[in-house]
Amino acid sequence: MACWLPIFSLVLSLLAAEHAVSSGKLPSYVSPCKRDSNDLNQCILNAWEALRPKMGGGIPKLRIPPLEPFLIPETSIDRRSDSLDVKATMTQLAITGVNSVVFSKLNVNLTDLSGSVSLAFSDLNVTTLYVMDSMLMKTIPMKGQGKFNGTINDVKVNMTGKAELSPKNQRGHSYLKLVEIKFKGFIGDARGRLVDNSTNPENSIFAETANMFFDNNRRDVLDVLTPFIEEFCEELVLGVVNQILSVIPFEEMLI
Ligand SMILES: *[C@@H]1O[C@H](CO)[C@@H](O)[C@H](O)[C@H]1NC(C)=O
Ligand SMILES: *[C@@H]1O[C@H](CO)[C@@H](O)[C@H](O)[C@H]1NC(C)=O
Ligand SMILES: *[C@@H]1O[C@H](CO)[C@@H](O)[C@H](O)[C@H]1NC(C)=O
Ligand SMILES: *[C@@H]1O[C@H](CO)[C@@H](O)[C@H](O)[C@H]1NC(C)=O
Ligand SMILES: *[C@@H]1O[C@H](CO)[C@@H](O)[C@H](O)[C@H]1NC(C)=O
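The structure displayed is predicted, hence computed values, not measured ones. Numbers given for residues are sequential positions, taken from 1 along each chain in its written order. Chain letters and ligand numbers both follow the written order, the letters beginning at A and the numbers at 1. Thresholds applied to this predicted model are a pLDDT of at least 70 for local features of residues and 80 or more for the giving and counting of side-chain atom pairs; totals over whole chains, interfaces and linings are not thresholded and use all residues.

1. What about the overall build of the protein chain?
Defined as follows: Secondary structure elements follow DSSP: runs of H or I of four or more residues count as helices, runs of E of two or more count as strands, with numbering from the N terminus. For the exposure call, what matters is how many other C-beta atoms sit within 10 Å of a residue's own: 20 or more marks it buried, 12 or fewer exposed, and in between partly exposed, using C-beta atoms placed from the backbone. For every residue pair, C-beta atoms are placed from the backbone, and the pair is scored as a contact if these atoms sit within 7 Å.
Of the regular secondary structure elements, the protein chain holds five helices and six strands. Beginning at the N terminus, the succession of helices and strands in the protein chain can be written as α-α-β-β-β-β-β-β-α-α-α. A burial count over the protein chain gives 32% of its 255 residues as buried. Put simply, 70% of the contacts in the protein chain that link residues at least 6 apart link residues at least 24 apart.

Here it is as structure tokens:
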């Protein structure tokens, strides 16, 4: 869920490594790394650590939204697979714990604008309002509306991404665009509770059944959910990153 985090490594790598400070668009607390530095990856990780205290509140100048909590006002999922059939809208989705991410194995390639990084989160708390009409493992209906809260423990993600440089626009500017992002995630464990608030009593029973089923089959359910979450995160991150990258013309990142 805290999926869009990897953008920082990518964005920082692309911004910081390209001496973006000179454009005046980067806040002064971002220390740039040298493009040809031998320890570019370590430099980027250090830059992230310097930024971390600011990330909780977000950095409007770079269109980086607040991370603590990370809020998604509204989002919808409509997916089908053999084991899961999800149609859901979530509003006021809030995740805490995102800014405690631990990065490792960062590897940025400025030649082909690709990169990879591993992330770890020890605890993420999630709350959301939901409206859904879904079917879990072909047997458990999840239908109704209400509130969900949960805790996700020990999340590990391997992320890879690739960017491209757009053709110049009329004003002679080109922009970096993330064209591909891949998540491979593992969720150690999770606890959660659906509380239905609809007037239909059948829906409350669905919610309680789903809660019990999840409690008793957490590993299996998490394994089924993980690919959906990965895909959801890929889309989310792609959107957020490209929003950030659209702020600064590539030319201004270079001196
Ligand atoms: C998550 O919630 C639990 C229980 O309410 C709390 O102890 C913990 O500090 C919270 N963690 C985060 C990262 O918000
Ligand atoms: C970066 O990508 C280029 C082009 O794909 C490749 O030739 C080069 O070996 C890569 N560099 C590193 C350090 O992986
Ligand atoms: C019930 O849940 C829905 C969807 O989450 C929400 O929009 C609505 O305000 C809630 N109603 C009450 C009475 O809490
Ligand atoms: C959900 O919230 C309830 C109280 O609102 C709390 O007792 C419970 O521990 C929370 N569950 C999780 C998994 O965070
Ligand atoms: C991440 O990659 C490492 C090896 O590079 C692997 O051992 C680990 O299982 C991967 N983690 C996930 C969540 O896929």
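2. Some details on the site of ligand 4
Put simply, the rule reads: By convention here, the C-beta atom is placed from the backbone, and a residue is near a molecule or strand when that atom is within 6 Å of it. Gly counts as polar in this scheme, as do all residues outside two lists: the nonpolar Ala, Val, Leu, Ile, Met, Phe, Trp, Tyr, Cys and Pro, and the charged Asp, Glu, Lys and Arg.
Residues in close proximity to ligand 4 include Asn149, Gly150, Thr151, Arg191, Gly192 and Arg193, which together make up its full environment. Listing elements by their share of the shell around ligand 4, those giving two or more residues are β5 (140-165) and β6 (176-196). A class-by-class count of the residues in the shell around ligand 4 yields no nonpolar, four polar and two charged.

3. Some points on the environment of Glu231
Examined against the element boundaries, Glu231 turns out to sit in helix α4 (residues 218-245). Linking Glu231 and Lys182, residues 49 residues apart in sequence, is a C-alpha distance of 8.3 Å.

4. So, α4
Formally: By this rule, a helix spans an expected 1.5 Å times one less than how many residues it contains. Bend at a residue means the angle formed by two fitted axes: the first through the 7 residues ending at that position, the second through the 7 residues beginning there.
Between the first and last C-alpha of α4 there are 38 Å, a value that for 28 residues agrees with the 40 Å anticipated at 1.5 Å per step. Of all the bends in α4, the largest measures some 35° and sits at Leu225, one to four residues before the proline Pro227. Of the residues making up α4, those classed as buried are Val221, Cys233, Val237, Val241, Ile244 and Leu245.

5. Considerations on helix α3 (residues 201-216)
Between its first and last C-alpha atoms α3 spans 23 Å; for 16 residues at 1.5 Å apiece the expected length is 22 Å, and the two agree. Packed against the buried residues of α3 are β4 (114-136), β5, β6 and α4.

6. What to know about the nonpolar core
Put simply, the rule reads: Here, a nonpolar core means buried Ala, Val, Leu, Ile, Met, Phe, Trp, Tyr and Cys residues linked by C-beta atoms lying within 7 Å of one another.
Formed by 36 residues in total, the largest nonpolar core has its most connected members in Ile44, Val98, Leu119, Leu124, Val155, Met159 and Leu245. Looking at this core, the element that brings in the most residues is helix α2 (residues 40-55), giving six residues. Core analysis: the next-biggest nonpolar cluster, separate from the first, contains 11 residues, Leu136, Phe148, Phe206 and Ala207 among them.

7. A closer look at the confidence of the model for the protein chain
Note the threshold: What pLDDT reports is the predictor's confidence in each residue, on a scale of 0 through 100.
On average, residues of the protein chain score 84 in pLDDT, and 84% of them are at 70 or above. Overall, residues 16-23 carries pLDDT values under 50, and its contacts beyond four positions in sequence, including any with other chains, amount to 29 contacts.

8. Quick word on unusual backbone geometry
For the bond running from Glu68 to Pro69, omega is 0°, close enough to zero to count as cis. Its place among the elements puts Pro69 in the loop between α2 and β1 (70-80). Phi angles above zero are rare outside glycine, and Met137 is one such case at about 50°. Within the secondary structure layout, Met137 lies in the loop between β4 and β5. With 14 C-beta atoms counted inside 10 Å, the residue Met137 sits in the partly exposed group.

9. Describing the environment of Asn200
When you line up the elements, Asn200 lands in the loop between β6 and α3. Overall, Asn200 belongs to the exposed group, with 12 C-beta atoms counted inside 10 Å. The spacing of Asn200 and Gly144 is 56 residues in sequence and 8.2 Å in space, taken between C-alpha atoms.

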